[in-house]
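Analysis of the macromolecular model
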Amino acid sequence: MTRKIAIFDTTLRDGEQSPGASMNTTEKLVIAEELVKLGVDVIEAGFPASSPGDFTSVLEIGRLAGDRAVVCGLTRAVDADIERAAEALKTAKRPRIHTGLGVSPSHLKEKLRLTEDEAVERAVHAVKLARSFVDDVEFYAEDAGRADEDFLARICEAAIAAGATVVNIPDTTGYNLPWDFGQRIARLRNRVKGIEDVTLSVHTHNDLGMATALALEAVKAGATQVECTINGLGERAGNTALEEVVMAIRMHGAELDAHTDIDTRRLTQASRLVSSITGIAVQPNKAIVGANAFAHSSGIHQDGVLKARETYEIINPEDVGAGGSQIVLSARSGHAALRHRMADLGYSFEDAEFEDIYDSFLEVADKKRLVYDEDLVAIVNERKRTETALWRLAAVQVSCGFPLTPTATITLLDEKGKEHKEAAWGNGPVDAVYKVVDKVVGVKNDLSEFSVKAITRGIDALGEVTVRVISEDGRVFVGRGSDNDIIVSSTRAYLNALNRLLAAEREQPIEQR
Ligand code: KIV
Ligand code: ZN
């Protein structure tokens, strides 16, 4: 049997640090459930001291996960952070506190203004305090990739002696060459006392496009946990992509003496879910989960694949849940067929909720001849988006054309269900719609991006609109909306972004930040 490599997912913490990827608690719970089904070992659910929203998310995800996964909360090596994390992890059956500090010369001198001795003292104190609350404590040595190796070994050894059960060696800035990072891990394994008794974790960033390679070299050198995110979301250029590292380990398990417990057939579904919730699109040529990952375009390649798939495909698309089933629903499909297809896609619903989903499905099916998996995912996501919305769309009507002045009339419902009807004109129909929404909702923002894409094929495809708005205090909020009618999608997307902005302001008003 090969070594088990634990998969530590940080989509909900480091992934959420991607600009525009902020999620509310309901959205995080949906992703957490998918992570559990995917089989991740650890869910880093947030940084509880950073905001009331993160605190609640960690609390709720602890409840949701039960004993199906370790639930982890990040802290600085600061007493108040650790106490807050312990409080948030009260609901978790398998809680872990992830604490630590910067260990490279620039982190010590410029950021923390600590001597090496003081840093060791602070690390030991933090680990001991965290251990007084939970049995499972992970120590991170931030920027370990650029740290002096003697000091790195010393602080890791001290953290282990203080009770750390996991030691995390991050290449925070993605600076290393993979083989150098691997050697650093191998040397730490050889010299740090007690390291063989703890989980040795790596957390690598993609600044040079090598996050996955860094993680794999580390696994080869003895790391037993990899920290990663779905779609490689994360600070700056992102983190190690979960789907990449998992599939590389699966393909080269014998050589790496490694395996994971991830259900790889859920990877595509997990990727789509995270993309649709965060509004961050997956590049088409993204390894494993990109739309083109299994597309063959040149004649020579197509000929080869038709003769034998392996000529140009190293992964069977079905192994990662791609390639899809050929089952397509239509307006004639009944409840059982829809429920069955939804279950295949990983969704289950209470009866009342399912009835609403079925009604939305029929609405789409009446306008479109065939309803594909992507349409079903869009229906579910649209429902999830409106479930928690402060403002909802009741009606939108536009008149436009040449030489008309585009005008829009919209009815919105506030959270108490009260109708607000307004009209406005604009430079185009979408501009007119957004002016009306601004009039009613009245929240200051800058619209920085607007894009439309067809979710499925054909002229009757559902159109999905993604917008990005920037709040007064400079935060980015992404909104998405889908419908057969592009004006409806545009209105929904803008409302979705504003609802997120308003929800974030409720959690933490601007003046408190
Ligand atoms: O990149 C990093 O070093 C981190 C730590 C907080 C683990 O995200
Ligand atoms: Zn990170």
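None of these values were measured; they are calculated from a predicted model. (Residues numbered from 1 in each chain as written. Chains lettered and ligands numbered in written order. Predicted model: local features only at pLDDT ≥ 70, side-chain atom pairs only at ≥ 80, totals over all residues. Heavy atoms only, no water.)

Examining the site of ligand 1
- Within the structure, ligand 1 sits among Arg13, Asp14, His98, Tyr140, Glu142, Asn168, Pro170, Thr172, His203 and His205.
- Contacts to ligand 1 include Asp14, whose side-chain N or O atom sits 3.0 Å from an oxygen atom.
- Between ligand 1 and the protein, one listed contact pairs an oxygen atom with a side-chain N or O atom of His203 at 3.1 Å.
- Here ligand 1 has 260 Å² of accessible area as a free molecule, and 92% of this is covered by the chains.
- For the shell around ligand 1, the elements supplying multiple residues, two or more each, are strand E6 (137-142) and strand E7 (166-171).
- Residue composition of the shell around ligand 1, by class: 2 nonpolar, 5 polar and 3 charged. (Near = heavy atom within 4 Å. Polar contact = N/O pair within 3.5 Å; in protein donor to acceptor, adjacent residues only side chain to side chain. Areas by Shrake-Rupley, 256 points an atom, 1.4 Å probe, with all protein chains shown as cover. Helix = DSSP H or I, 4+ residues; strand = E, 2+ residues; numbered from the N terminus. Nonpolar A, V, L, I, M, F, W, Y, C, P; charged D, E, K, R; others polar.)

Observations regarding the coordination of the zinc ion (ligand 2)
- For the zinc ion (ligand 2), the full set of protein donor atoms is Asp14 (OD), His203 (NE2) and His205 (NE2), and the range of their distances to it is 2.0 to 2.1 Å.
- Overall, His205 belongs to the buried group, its relative accessible area being 3%. (Donors = N, O, S within 2.8 Å, 3.2 Å for Na, K, Ca; no water. Buried < 20%, exposed > 50% of the residue type's maximum accessible area, 1.4 Å probe, protein only.)

Describing the sheet that holds strand E14 (residues 445-454)
- Sheet architecture is open: 3 strands sit in the order E14-E15-E16, paired in antiparallel fashion. Unpaired on one side and paired on the other, E14 and strand E16 (476-483) mark the two borders of the sheet. Between one strand axis and the next, the sheet turns through 20° on average, direction left out of account.
- Pairing analysis gives 8 bridges linking strand E15 (residues 463-471) to E16, with the strands arranged antiparallel. The residue bridging Thr466 from the neighbouring strand is Arg480, located in E16. (Pairing = 2+ DSSP bridges. Axes fitted to C-alpha atoms, helices over the stretch in contact; angles between N-to-C directions.)

Some thoughts on the side chain of Lys28
- Here Lys28 lies in helix H1 (residues 25-38).
- Within the structure, the side chain of Lys28 is placed 3.3 Å from the side chain of Glu16, a separation counted as a polar contact.
- Setting aside anything within four residues of it in sequence, one finds Lys28 in contact with Leu12, Glu16, Met23, Ala45, Asp54, Ser57 and Ile61. (Contact = heavy atoms within 4.5 Å.)

Thoughts on the sheet that holds strand E13 (residues 419-425)
- On the basis of which strands lie adjacent, the open sheet formed by 3 strands has the order E11-E12-E13 and antiparallel pairing. The sheet terminates laterally at strand E11 (392-399) and E13, the two strands that pair on one side only. Strand-to-strand, the axes of this sheet are offset by a mean angle of 15°, without reference to chain direction.
- Direction of pairing for E11 relative to strand E12 (residues 407-413): antiparallel, over a ladder of 7 bridges. Within E12, the residue paired with Val396 across the bridge is Ile410.
- Running over the sheet, helix H16 (residues 429-441) touches E11, E12 and E13 and is turned about 140° from E13.
- Lying on the sheet, helix H17 (residues 486-507) is in contact with E11 and E12; it crosses E11 at an angle near 135°.

Side note on H16
- The end-to-end C-alpha separation of H16 is 18 Å, in line with the 18 Å expected for 13 residues at 1.5 Å each.
- Residues of H16 that are buried: Ala432, Val433, Tyr434, Val436, Val437, Val440 and Val441.
- Looking at the buried residues of H16, the elements they touch are E11, E12, E13, E14, E15 and H17. (Expected span 1.5 Å × (residues − 1).)

Overview of the nonpolar core
- In terms of nonpolar packing, the biggest core is built from 119 residues, with Ile43 and Ile169 touching the most fellow members.
- Taken domain by domain, this core gets at least three of its residues from each of domain 1 (3-278) and domain 2 (295-371).
- Sequence-distant contacts of Ile43, that is, excluding residues within four places in its chain, are made with Asp9, Leu12, Ala32, Leu35, Val36, Ile61, Ala69, Val70, Val71 and Cys72.
- Counting residues in hydrophobic clusters, the runner-up holds 27 residues, among them Trp391, Val465, Ile487 and Leu502. (Core = buried A, V, L, I, M, F, W, Y, C linked by side-chain atoms within 4.5 Å. Domains from an automatic or database assignment.)

Quick notes on the packing of aromatic side chains
- Overall, the coordinates contain 6 aromatic pairs when judged by the stated rule.
- With a centroid separation of 6.1 Å and 25° between ring planes, the pair formed by Tyr347 and Phe349 is classed as stacked.
- Tyr347 gets classed as buried once you look at its relative accessible area, which sits at 8%.
- Ring geometry for Tyr358 versus Phe361: centroids 5.7 Å apart, planes at 40°, classification tilted. Highlighted residues: Tyr358 and Phe361, both in helix H14 (residues 351-367), separated by 3 residues, approximately one helical turn.
- Its relative accessible area of 0% is what places Phe361 among the buried residues.
- A network of ring pairs unites the aromatic residues Tyr347, Phe349, Phe354, Tyr358 and Phe361 as a single cluster. (Phe/Tyr/Trp six-rings, centres within 6.5 Å; stacked < 30°, edge-to-face > 60°.)

These figures come from the coordinates and say nothing about function on their own.
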